[in-house]
Amino acid sequence: MKNKIGIVVVLILIFILSVLAFKWIKYRKEYVITDAVFVESDGMTNVAFKRVSGKVIKVLKEEGDTVKKGEVIAVLDDTDYRTELSSVEKNIQALKHKKNALEQKLKRVKEEIKVNVSIQELTKKQLKKKKEALLSKLQQIEAKIKQVKKDKERFKKLLEKELIPQHRYEEVSTNLEVLLKEKKALLKNIQELNVGIQKASEVIKLAKVKEKTIPEIEENIKSLEKQIEVLKEKKKDILNKISYTKLKAPFDGIIAKRFVYVGSVISAGMPVYSIIPKNSLYINVLLEETKLEGVKVGAKAKIKIDAYPDKEYEGIVEKIEPASAAKFALVPRDISAGEFTKVAQRIPVRIKITKGDISLLRVGMGGEVEIKREE
């Protein structure tokens, strides 16, 4: 009886093992299984400070932290740039003050020239009118003098003949003296007017000469404006540099590596972080060439990551590379000498992750992949 029971148990075990073996063989035929699996990323990028260098005073993210596009992740000491900015701003203000002073001077010179010329032109005009009036009066007096001189000669002859009394002759002589004095006074006044007209002309001439300084002042103003513009551009550049002392994430992603610490002195372009873009992770499978049968683009895959054995990931074959990984080795195999050992080549297969918590994955993690064979 016991023998029968033992035989039955053995038969049952054989059956179970057979079923399991059949399922295992069937599964192996339906799926390609490999552990040459690595988590990779398309866009892992090293980020660095642009155009600025100095001492790191803040490191705001650690490896594994998530970042948002535009988020500040590290800060450099900007003291030197702010000192330079202050100096440039002071120079701009000094030049602006100088420019304003020249503009005021230019305005004053123009007004002075305009007023002086206007006043002197008016004065000159008035003096000329007075001169014309005096010249007219002078002509009248000269005509009277001429007449009185004739009268004096006539009266002198009449006096010599005793045809007129002495006092009549003296009256004519006195009248002539008065007219001559009046003429002399008029000539003096005319001379004074000529001097006044000459002075007015000289003032106008000087104003015209002074007017030639206007282009020079205007040129100095333009030169200052150019200097101010140059300094404004420099100020803009310094402000940009100050903004660059705050390193910002270029895209949403995960910090893969931190290269610096607080207190590190770095130069522009030196890597600070390595960031993996969000949703850029994929599974890179180095599949043996002997297992390629049935593996096609679009085939489904089950993924196990060694670091998270309890987590399930799924994907689909996205790309099968046209050459083996060995073709891209830094030191390719040399078979020209005839020495050759046959080794199964591995073909890179890219799998897109379609299911699972991608935020847990890190570039370089290993695991195992089961790819469903397609007919």
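Scroll up to find the structure this text is about.
Residues numbered from 1 in each chain as written. Predicted model: local features only at pLDDT ≥ 70, side-chain atom pairs only at ≥ 80, totals over all residues. Heavy atoms only, no water.

Caption draft 1: Just the pairing of strand β5 (residues 72-76), in detail. Taking burial as the measure, the five residues of β5 include four buried ones, the bulk of the element. Judged from the three bridges that link them, β5 and strand β6 (residues 246-248) form a sheet pairing that is antiparallel. If you follow valine 72 over to β6, its bridge partner there is lysine 248. (Buried < 20%, exposed > 50% of the residue type's maximum accessible area, 1.4 Å probe, protein only. Helix = DSSP H or I, 4+ residues; strand = E, 2+ residues; numbered from the N terminus. Pairing = 2+ DSSP bridges.)

Caption draft 2: How the structure looks around the environment of leucine 239. Looking at the secondary structure, you find leucine 239 in helix α4 (residues 213-244). We classify leucine 239 as partly exposed; its relative accessible area is 41%. Each C-alpha atom, one on leucine 239 and one on arginine 82, is 8.4 Å from the other, the two residues being 157 residues apart in sequence.

Caption draft 3: Spotlight on the sheet that holds strand β7 (residues 253-258). If you trace the four strands from one edge of the open sheet to the other, you get β2-β9-β7-β4, paired in antiparallel fashion. Single-partner strands in this sheet number two, and they are β2 (45-48) and β4 (66-67). Where β7 meets strand β9 (residues 271-277), five bridges bridge the pair, whose relative direction is antiparallel. Within the sheet, the bridge partner assigned to isoleucine 255 lies in β9 and is isoleucine 275.

Caption draft 4: Representation of the packing of helix α2 (residues 79-160) against helix α3 (residues 166-211). Interhelical geometry of α2 versus α3 gives an angle of 160° and a closest axis separation of 7 Å. As the angle between them shows, α2 and α3 are arranged roughly antiparallel. The two elements α2 and α3 meet at a crossing, and its hand is left-handed. Of the residues belonging to the contact of α2 with α3, the class tally is 26 nonpolar, eight polar and 18 charged. (Axes fitted to C-alpha atoms, helices over the stretch in contact; angles between N-to-C directions. Parallel < 35°, antiparallel > 145°, perpendicular 65-115°, else oblique. Left-handed = near helix turned anticlockwise from the far one by under 90°. Nonpolar A, V, L, I, M, F, W, Y, C, P; charged D, E, K, R; others polar.)

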